There are 2 protein chains.
Amino acid sequence: MKLLVIGGCGFIGSHVVDLLLQEEVRVRVFDRRPEAFRAPLPAVDYVMGDYTDPTQLFEAVRDVDAVLHLASTTVPATANLNPVADIEGNLVATVRLLDVMRATGKRRLVFLSSGGTVYGVPEADPVPEDHPLRPISSYGIVKVAIENYIRMEQALHGIEPVILRASNPYGPRQSHAGIQGIIGTHLWRAARGEPVEVWGDGQVTRDFIHVRDLAELCVRALRSHTSGCFNAGSGTGTSVAEIVAGIDRTVRASGGPPVRPLCRPGRAFDVPRVVLDISRAREAFGWAPRIGLDEGLAESWRWVRTTEALQAGNEERPTTGPAAPARAGAMA
Amino acid sequence: MKLLVIGGCGFIGSHVVDLLLQEEVRVRVFDRRPEAFRAPLPAVDYVMGDYTDPTQLFEAVRDVDAVLHLASTTVPATANLNPVADIEGNLVATVRLLDVMRATGKRRLVFLSSGGTVYGVPEADPVPEDHPLRPISSYGIVKVAIENYIRMEQALHGIEPVILRASNPYGPRQSHAGIQGIIGTHLWRAARGEPVEVWGDGQVTRDFIHVRDLAELCVRALRSHTSGCFNAGSGTGTSVAEIVAGIDRTVRASGGPPVRPLCRPGRAFDVPRVVLDISRAREAFGWAPRIGLDEGLAESWRWVRTTEALQAGNEERPTTGPAAPARAGAMA
């Protein structure tokens, strides 16, 4: 069996690839650039290219058995800045992917949608999949439109899709760019000895899922014979204040200094609470999230600390050598 | 007051323009081509151009007080053939319109959405506005995405939009291209003495609204201080078989021959029944549809017969002259 992972060099994609490589499958990754935090894996067939180009996509798709589409050219925090680019880069590109799958006779697709944005301001807690879709951001609007085109392709041409509406993933290899994922952002700031930003009273609540739990759901969904749409979260709500407290405990337990919150005014666009009802995915795939928040934070912190130390070492010493100790501010 | 009607040369747009000209407003029409069935109106400021071009749109928008956006580059029957063109021509173009309205400080927008496609296969009869949006065609998917961007613009930047989800309009000036509106298509075929196509058992049921009733709702919505989303139909269901019977009665009452139905196999993509709940629009705008189906069919038939006779005359006698009698097949 040969699988194509579009976006396989990203945060979530890299963990999906790790799980797939443990099975008897061949893996091709299609992405714009190599992974940010590790060298290419010898077992993977990497294709670096532009997935909005149907020709490159056709080449990548034609000899695989199934497609996992995890790519996004935007993140929730920035998609509103240029909705046209969001539409072109994600909606149009995915409609073309569906064309290519139809032309090459591929039926199995796992698509990563967004449990945090497609529902808008939820009227239910936890939010089930049949909750009205009232997205209030370009990111969510585009995800809804993609979901609709996938369902149309299913109805008209018989593809067998699984749509996974992911909540807030966190874990090793989450970028420190500071625009996606408060856990990753906070851990990187803590590692540099910087205060972490908290908007409003810290009671904004999200559903955080460890990236390996999410990756396992992607792989189980792919392996199943089920089609449909499934929330993909932990099913548990955690406030921003609890996240900061958890990070503080984790950092201090490793000998680091207390994490300083930097209080900012509340942001009007923050939905107060989004927690996903994950019973449908539990039932359909025999899956459950297994990594608790404390365990996940501790593992993520170890990864951030190690990676930060390596990067600091590389910055200070351009030649290859043993990792330098972390900066004083980070580890004092 | 100066108003911009995007798509003002179309079937619905031309009737909206007629109503606006009865009021104390100046009207600019932005469209790709002139009206198909009558000469330009002296009181209207016509701008022929491409509304997907933001520069042309900016010129057309900058000195008006409000915008009615009635344009679509696709129709439900053909949008699936090229979803990327549907996305580019309608979704991207409308997102750019919102940019232009924001840049020029315009707040009032009436947008014509689609009551027949945004709900997908309805679970309610009649269908209220808060019914889940599960479109199963590119046309409906794009309308939903546009609605979502309009609501986002309302939430973030305070525009004051009215979204009208129109059902199946019919009436004078409906095209005879045969792809939009079975009443227009059937009347034109009857006028040419051709049989009218009926798919399946004729029990497919739709909500037909006279185009002047819909135009009046557009104008009332524009004049109101209400924002929101409203179904725009007659609130009454009529089957395809009833339409054919009504047309047959109408044609025979005018001295024409019986209308021959041509029975075709049922089409898988036809939703069995879509009838809109219009109580929200009735209440918000003090509006009600006023033109009954028999009256509307009779008027439409008179218009088709006259127009067909004129066109036949023009075809047969290229020089200007009195209208030739209708072709034998049509009027025998």
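Below is a short write-up of the structure. Predicted model, so just to flag it, every value in this text is computed and none were measured.

1. Observations concerning the packing of aromatic side chains
- Scanning the entire structure with this criterion turns up eight aromatic pairs over all chains.
- Here a set of aromatic residues connected by ring pairs shows up, and it is made of Phe-37, Trp-188 and Trp-303 of chain A.

2. Focus: empty space enclosed by the protein
Residues and elements named next belong to chain A.
- All chains considered together, the criterion is met by four cavities of 30 Å³ or more.
- One number sums up the size of the largest cavity: a volume of about 60 Å³.
- If you trace the largest cavity, you find 13 residues lining it, with Ser-72, Asn-90, Val-142, Lys-143 and Ile-146 closest to the centre.
- Only helix 4 (83-103) and helix 5 (138-157) provide two or more residues apiece to the lining of the largest cavity.
- If you tally residues by element for the lining of the largest cavity, the top one is helix 5, at four residues.

3. Quick look at the sheet that holds strand 3 (residues 44-48) of chain B
Residue and element names in this part refer to chain B.
- Across the sheet, which stays open at both edges, the seven strands sit in the order 3-2-1-4-5-6-11 with parallel pairing between neighbours. Of all the strands in the sheet, the pair left with one neighbour each is strand 3 and strand 11 (228-232). Ignoring which end each strand starts from, the neighbouring axes of this sheet average 20 degrees apart.
- Bridge count between strand 2 (residues 26-31) and strand 3: five bridges; the pairing is parallel. Bridge pairing in strand 3 places Val-27 opposite Val-44.

4. Some thoughts on the relation of the copies chain A and chain B
- Structural alignment of chain A on chain B gives an RMSD of 0.0 Å, achieved by rotating through 180 degrees and translating 0.0 Å along the axis. What the rotation and shift describe, once combined, is the action of a two-fold rotation axis.
- Taken together, the interface assignments show that 100% of the residues at the interface of chain A recur at the interface of chain B, consistent with an identical surface on both copies.

5. Here's the deal with the pattern of salt bridges
All names here are of chain A.
- The final tally for this structure, using the stated rule, is 44 salt bridges over all chains.
- Across the salt bridge formed by Asp-63 and Lys-2, the nearest N and O atoms sit 3.4 Å from each other. Of this pair, Asp-63 sits in the loop between helix 2 (54-61) and strand 4 (66-69) while Lys-2 sits in strand 1 (residues 2-6); the two residues are 61 residues apart in sequence, bridging distant segments of the chain.
- By relative accessible area, which is 12% here, Lys-2 ends up buried.
- Linking Glu-153 and Arg-102 is a salt bridge whose minimum nitrogen-to-oxygen distance equals 2.6 Å.

6. Comments concerning the side chain of Lys-143 of chain A
Residue and element names in this part refer to chain A.
- You can see Lys-143 is positioned in helix 5.
- Here Lys-143 sits buried without a salt bridge, and the closest side chain of opposite charge, Asp-86, lies 8.0 Å off (N-O distance).
- A distance of 2.8 Å separates a polar atom in the side chain of Lys-143 from the backbone oxygen of Leu-112.
- Once you skip the residues sitting within four places of it in the chain, Lys-143 turns out to touch Phe-111, Leu-112, Ser-113, Ser-114 and Val-118.

7. Observations regarding unusual backbone geometry
All names here are of chain A.
- Cis geometry is found at the peptide bond from Asp-125 to Pro-126, where omega equals -5 degrees.
- Within the secondary structure, Pro-126 sits in the loop between strand 5 (108-114) and helix 5.
- For Arg-173, which is not a glycine, the phi torsion comes out positive at approximately 75 degrees.
- Within the secondary structure, Arg-173 is located in the loop between strand 7 (168-170) and helix 6 (182-191).

8. Some words on the packing of helix 4 of chain A against helix 3 (residues 83-103) of chain B
- Between helix 4 of chain A and helix 3 of chain B, the shortest axis-to-axis distance is 11 Å and the interhelical angle comes to 165 degrees. On the basis of their axis angle, the class for helix 4 of chain A and helix 3 of chain B is roughly antiparallel. With respect to the hand of their crossing, helix 4 of chain A and helix 3 of chain B are arranged in right-handed fashion. On the side of helix 4 of chain A, the interface is formed by Pro-83, Val-84, Ile-87, Glu-88, Leu-91, Val-92, Val-95 and Arg-96 of chain A, while helix 3 of chain B contributes Pro-83, Val-84, Ile-87, Glu-88, Leu-91, Val-92, Val-95 and Arg-96 of chain B.
- Of the residues in the contact of helix 4 of chain A with helix 3 of chain B, the class split is twelve nonpolar, no polar and four charged.

9. Quick word on helix 6 (residues 211-223) of chain B
Residues and elements named next belong to chain B.
- Taking 1.5 Å as the rise per residue, helix 6 with 13 residues should run 18 Å; its terminal C-alpha atoms sit 18 Å apart, in good agreement.
- Counting buried positions along helix 6 gives ten out of 13 residues, so the element sits mostly inside the fold.
- What helix 6 keeps buried is the set Val-211, Asp-213, Leu-214, Ala-215, Glu-216, Leu-217, Cys-218, Val-219, Ala-221 and Leu-222.

10. Focus: the pairing of strand 1 of chain A
Residue and element names in this part refer to chain A.
- Within strand 1, five of the five residues are buried, which leaves it mostly tucked inside the rest of the structure.
- Taken together, the five bridges between strand 1 and strand 2 (residues 26-31) define a ladder with parallel strand orientation. Bridged to Leu-4 within strand 2 is Arg-28.
- As for the winding sense of the linkage, the β-α-β connection from strand 1 through helix 1 (residues 11-21) to strand 2 is right-handed.

Quick notes on the rules
Residues numbered from 1 in each chain as written. Chains lettered and ligands numbered in written order. Predicted model: local features only at pLDDT ≥ 70, side-chain atom pairs only at ≥ 80, totals over all residues. Heavy atoms only, no water. Phe/Tyr/Trp six-rings, centres within 6.5 Å; stacked < 30°, edge-to-face > 60°. 1 Å grid on protein atoms, 1.4 Å probe; cavity = no way out; pocket = protein on both sides within 12 Å on 5 of 7 lines; lining within 4 Å. Points joined across faces, edges and corners; volume = space filled by probe spheres on them. Helix = DSSP H or I, 4+ residues; strand = E, 2+ residues; numbered from the N terminus. Pairing = 2+ DSSP bridges. Axes fitted to C-alpha atoms, helices over the stretch in contact; angles between N-to-C directions. Least-squares fit on C-alpha atoms with pLDDT ≥ 70 in both. Contact = heavy atoms within 4.5 Å. Salt bridge = Lys/Arg side-chain N within 4 Å of Asp/Glu carboxyl O. Buried < 20%, exposed > 50% of the residue type's maximum accessible area, 1.4 Å probe, protein only. Lys, Arg positive; Asp, Glu negative; His and termini not counted. Polar contact = N/O pair within 3.5 Å; in protein donor to acceptor, adjacent residues only side chain to side chain. Parallel < 35°, antiparallel > 145°, perpendicular 65-115°, else oblique. Left-handed = near helix turned anticlockwise from the far one by under 90°. Nonpolar A, V, L, I, M, F, W, Y, C, P; charged D, E, K, R; others polar. Expected span 1.5 Å × (residues − 1). Right-handed = clockwise from strand over helix to strand, strands pointing away.

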